[in-house]
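# Per-entry structural report
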Amino acid sequence: DTITIQELANRMAERAVDVIKLLMQQGQMMKINDVIDADTAELIVAEMGHTPKRVSESDVEEGLVGQADRDEDLKPRAPVVTVMGHVDHGKTSLLDAIRKAKVVQGEAGGITQHIGAYQAQAPNGETITFIDTPGHAAFTSMRARGAKVTDIVILVVAADDGVMPQTIEAINHARAAGVPMIVAVNKIDKPDADPNRVRNDLLRYEVVTEAMGGDTQEVQVSALKHIGLDELLEAIQLQSEVLELKANPNRSAEGVLVEAQLDKGRGPVGTVLVQRGTLRVGDIVVAGAEWGKVRALINDKGENVKEAGPSTPVEVLGLNGTPEAGDLLAVVDSEARAREIADYRQRKRRERLQARGAGSRTTLEQMMSQIKEAGTKEFPLVVKADVQGSAEAITGALEALGNEEVAARVVLQGVGGITESDVALAQASDCIIVGFNVRANRQAREAAEREGIEIRYYNVIYDLVDDVKAALSGMLSPTL
Ligand code: GDP
């Protein structure tokens, strides 16, 4: 793994003489056609303010979009499921019921541990992985950090309560992430349970269940009475077959931290959901801006295991620091390399924090330049309005804009004030928020400021559409 100074400079679009100067400052005298090793090259690249990317680095930095696996190496893997829905509709109860009824006892007969995710068995014997933190906060924050964890969303709707605000938010989040939903109509044991009302409510949000002639699976359950659990697991299995989920187990592991904390006795502990490859004791890993040598792996039954393959959640011991939930974990080949990447990321993180303090991240202008750079075809927006009619009119007008190069896409169209959840969604989708005759509440304003999400307010639809139109055609003046 070597590169000439000239070639390195070319790839960065920098002058070779500047690279040579930098090397000199580090005590290395070199000429333009001399070769340097990959490690040195990477330091130079980072030093000059670029993102180092070599084959293994892009693997680490880009996780799933890194080195592609060959089709013949892909093996079926278990689906990863997240439970979402309105508060008190029974998300936690449902996860507990499945855990109690459907988790196969460990060899030690051990009690299942709360490690952030667990695996249950479907009636046909196949495995399903459940993320143990219900709700869209965890889902969205992970997505905001670039981690795609969930394959299927279970939308829990209480049969005695119907579709409520957070049900709608969950639908929007699942949709924005492009993740298929299965509706679990919960609490059907209750005398006032009315599944038909739930189906009809859902229609208004374009969730058409099978009973209504659509293709969204719906299962009636009672988390309390353990009714319909097998049917739910079967529905997940069916959906998973449609998705043809696969991963290559025979490569160095990559995964996502679903939980991480500093444990008094054990030090930093992170629960990793392996996404590709097989993670083993003794592996050297980078997890976010931390690194370590895997000292032990503990599964969801509290058992020590030697390895964990795709879709398996395990606790990882041996990290030098505590990463953050949503961080990616990847195996690298040496401690030196692990340290180097971790250092690099810590430096990047500091820079990012400073940059954030200095100004906002997602503004219309920045978005346009990003779109130009990336050749992105979509201009995503979150639209909130005072009444349904306005929201629909705005969405209709926005979606009619654009040309074949770039078009507006409304990620969420909602009624009511701008909330923290809207900001989280905007962050996850890297977009701005427009409010029509509505304001953001204090929490939302603070979150937007913290995350650098731009919120624009309008009270004339024409102005709103006009601004977006201007942005789309790249003619937006920098001071609006
Ligand atoms: P979450 O906020 O969505 O996680 O909801 P919880 O799981 O905490 O449940 C809220 C309440 O609904 C609790 O009092 C549960 O006991 C109750 N509950 C959950 N599932 C059922 C069910 O299937 N039937 C009945 N009758 N009550 C349920």
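Refer to the preceding data block for the structure.
Keep in mind that this is a model prediction, so the values were computed, not measured. Within any chain, residue numbers begin from 1 and follow the written order of that chain's sequence. With pLDDT at 70 or above as the cut-off, local features in this predicted model cover only qualifying residues; side-chain atom pairs require 80 or more to be listed or tallied, and sums for whole chains, interfaces and linings still use all residues. Hydrogens are left out, water is left out, and the side-chain values use all remaining heavy atoms of the structure.

### Here we look at the side chain of His86
Let me state the cut-off plainly: Helix and strand definitions here come from DSSP, where helices need a minimum of 4 consecutive H or I residues and strands a minimum of 2 consecutive E residues; each element is numbered from the N-terminal end. Partly exposed describes any residue whose relative accessible area lies between the buried limit of under 20% and the exposed limit of over 50%, with all areas from a 1.4 Å probe on protein chains only and scaled to the type maximum. Within 3.5 Å is the distance limit for a polar contact, defined as a pair of N or O atoms, with the added protein rule that one can donate a hydrogen and the other accept it, and that residues adjacent in sequence qualify only through two side-chain atoms. The contact criterion used throughout is that any non-hydrogen atoms of two residues lie within 4.5 Å.
The residue His86 is located in the loop between β4 (80–85) and α5 (91–102) in this model. According to the relative accessible area criterion, His86 is buried, its value standing at 12%. For His86, the side chain forms a polar contact with the main-chain nitrogen of Gln166, separated by 3.1 Å. His86 has contacts with Lys91, Val156, Met164, Pro165, Gln166 and Thr167, leaving out every residue within four places of it along the chain.

### Describing helix α12 (residues 388–399)
Going by this rule: Multiplying 1.5 Å by the helix residue count minus one yields the expected span of that helix. Relevant arc is that of directions from the helix axis to the C-beta atoms, nothing else.
With 12 residues, α12 should cover 16 Å at 1.5 Å per step; its first-to-last C-alpha distance of 16 Å lies within 8% of that length. Buried residues of α12: Ser390, Ala391, Ile394, Thr395 and Leu398, and no others. Across the axial projection of α12, the buried residues extend over an arc of 130 degrees, all falling on one side. Where the residues of α12 are buried, they touch β20 (378–385), β21 (407–415), β22 (432–436) and α15 (461–472).

### Regarding the site of the ligand
Note the cut-off: One heavy atom within 4 Å of a molecule or strand makes the whole residue count as near it. Only the protein chains shown count as covering a residue, and every accessible area follows the Shrake-Rupley method with a 1.4 Å probe. Just so you know the grouping, Ala, Val, Leu, Ile, Met, Phe, Trp, Tyr, Cys and Pro go in nonpolar, Asp, Glu, Lys and Arg go in charged, and all remaining residues, Gly too, go in polar.
In the region of the ligand, 15 residues are neighbours, and Asp88, Lys91, Thr92, Ser93 and Asp189 sit closest. In the model, an oxygen atom of the ligand is placed 2.9 Å from a nitrogen or oxygen of the Ala223 main chain. The protein chains hide 74% of the 570 Å² of surface that the ligand would expose on its own. Among the elements that take part in the shell around the ligand, α5 stands out by supplying three residues, more than any other. Residue composition of the shell around the ligand, grouped by class: three nonpolar, seven polar and five charged.

### Re the environment of Ala16
In this fold, Ala16 is placed in helix α2 (residues 16–25). Residues Ala16 and Ile32 lie 16 residues apart in sequence; the distance between their C-alpha atoms is 6.6 Å.

### Examining the nonpolar core
Rule in force here: In this description, a nonpolar core means a group of buried Ala, Val, Leu, Ile, Met, Phe, Trp, Tyr and Cys residues linked to one another through side-chain atoms lying within 4.5 Å.
One finds Leu94, Ile98, Phe130, Ile154, Ile182, Leu232 and Ile236 to be the most contacted residues of the largest nonpolar core, which totals 25 residues. Ile236 has contacts with Pro79, Val81, Ile128, Phe130, Ile152, Ile154 and Ile182, leaving out every residue within four places of it along the chain.

### Quick look at the pattern of salt bridges
Charged atoms that come close allow side chains of opposite charge to pair. Here is the rule we go by: By salt bridge we mean one thing: a side-chain nitrogen of Lys or Arg within 4 Å of a carboxyl oxygen of Asp or Glu.
Tallied over the full model, the rule gives 24 salt bridges. Of the charged contacts, one joins Lys21 and Asp18 as a salt bridge, the two residues approaching to 3.9 Å between their closest N and O atoms. Of the two residues, Lys21 and Asp18 are both situated in helix α2; the distance of three residues between them amounts to about one turn of the helix. Between Arg339 and Glu335 there is a salt bridge, and its shortest N-O distance comes to 3.9 Å. Taken together, the positions of Arg339 and Glu335, both in helix α10 (residues 335–358) and four residues apart, correspond to about one turn of that helix. By relative accessible area, Arg339 is classed as partly exposed at 40%. Looking at Glu335, the relative accessible area reads 35%, which means it is partly exposed. Put simply, Asp69, Arg251, Glu254 and Arg276 are held in one network by salt bridges that share partners.

### Some thoughts on the sheet that holds β4
Operational definition: Pairing between two strands is assigned when DSSP locates at least 2 bridges connecting them. In this analysis, axes come from line fits to C-alpha atoms, helices being fitted only over the stretch in contact, and the angle between any two N-to-C directions falls in the range 0 to 180 degrees.
Read from one edge to the other, the open sheet built from six strands follows the order β5-β6-β4-β7-β8-β9, with strand pairing classed as mixed. Either end of the sheet is taken by a strand with one partner, and the two such strands are β5 (117–121) and β9 (218–220). When strand polarity is set aside, the average angle formed by the axes of neighbouring strands in this sheet is 30 degrees. Note: β4 against strand β7 (residues 152–158), five bridges, orientation parallel. Paired with Thr82 across the strands is Val153, a residue of β7.

### Focus: the sheet that holds β20
With respect to topology, four strands assemble into an open sheet ordered β21-β20-β22-β23, the strand pairing being parallel. Only two strands of the sheet have a single partner each, and these edge strands are β21 and β23 (455–458). Taking the axes of each pair of neighbouring strands and ignoring which way they run, one obtains an average angle of 25 degrees across the sheet. Pairing of β20 with β21, which is carried by eight bridges, proceeds in the parallel orientation. Opposite Phe379, over in β21, you have Ala408 as the bridge partner.

### Re the pairing of β22
Consecutive side chains of a regular strand alternate in pointing toward one face of the sheet and then the other. Basically, it comes down to this: A clockwise path from the first strand over the helix to the second, with the strands pointing away from the viewer, defines a right-handed crossover.
Counting buried residues along β22, five of its five residues qualify, which places the element largely inside the surrounding structure. Side chains Ile432, Val434 and Phe436 of β22 all project onto a buried face; the interleaved residues Ile433 and Gly435 project onto the opposite face, where all are buried too. Judged from the five bridges that link them, β20 and β22 form a sheet pairing that is parallel. Looking at the pairing, Val382 lines up with Ile433 of β22. Bridge count for β22 against β23 is four bridges, and the pairing is parallel. When the sheet's bridge partners are listed, Gly435 is paired in β23 with Tyr457. The handedness of the β22 to β23 crossover, carried by helix α14 (residues 442–451), is right-handed.

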